[in-house]
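# Structural overview
Now for the letters of each chain:
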Amino acid sequence: MRSNQGVQGSRFQTLTELAHRGVTLSPATVAGTIEQQITAVSEWLGIQVRSAWRYFDAKATADRLAQRAWPPYEESSSEKSVGQASMPPLNEDPPS
């Protein structure tokens, strides 16, 4: 892996991008994902891990993590009423 300062910076950039998307993940999850990506890129390209860091993109990583963390409503539920607040009956007085 890269120097500790580089890993911390990459994790911070990715967490910042996730925050812009309204997604909260643990720093350990983000760091693990980054490590897996860098290792996979280095193996796929047949290069050293330290050389694979040039292909790291915090925005793309945040996009992939956000998609996994927030599946669209249509995918997460087949019920149309899920997630909608119930409405009180029209004939009842509001509580005092």
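Residues numbered from 1 in each chain as written. Predicted model: local features only at pLDDT ≥ 70, side-chain atom pairs only at ≥ 80, totals over all residues. Heavy atoms only, no water.

### Thoughts on the overall build of the protein chain
Helix and strand content of the protein chain: 5 helices and 0 strands. Shown N-terminal to C-terminal, the secondary structure of the protein chain runs as helices and strands in the order α-α-α-α-α. Of all 96 residues assigned to the protein chain, the portion counted as buried reaches 23%. Long-range pairs, those at least 24 residues apart, make up 54% of the contacts in the protein chain with a sequence separation of at least 6. Surface exposure of the protein chain reaches about 7500 Å², of which carbon and sulfur atoms provide 53%. (Helix = DSSP H or I, 4+ residues; strand = E, 2+ residues; numbered from the N terminus. Buried < 20%, exposed > 50% of the residue type's maximum accessible area, 1.4 Å probe, protein only. Contact = heavy atoms within 4.5 Å. Areas by Shrake-Rupley, 256 points an atom, 1.4 Å probe, with all protein chains shown as cover.)

### A word on the nonpolar core
Grouped together as the largest cluster of nonpolar side chains are 13 residues, with contacts concentrated most on L18, V30, I34, I38, W53 and F56. Only helix 1 (4-20), helix 2 (27-45) and helix 4 (58-69) provide two or more residues apiece to this core. Here the element with the most residues in this core is helix 4; it accounts for 4 residues. Ignoring sequence-local partners within four residues, the contact set of F56 consists of S10, Q13, T14, I34, Q37, I38 and T61. (Core = buried A, V, L, I, M, F, W, Y, C linked by side-chain atoms within 4.5 Å.)

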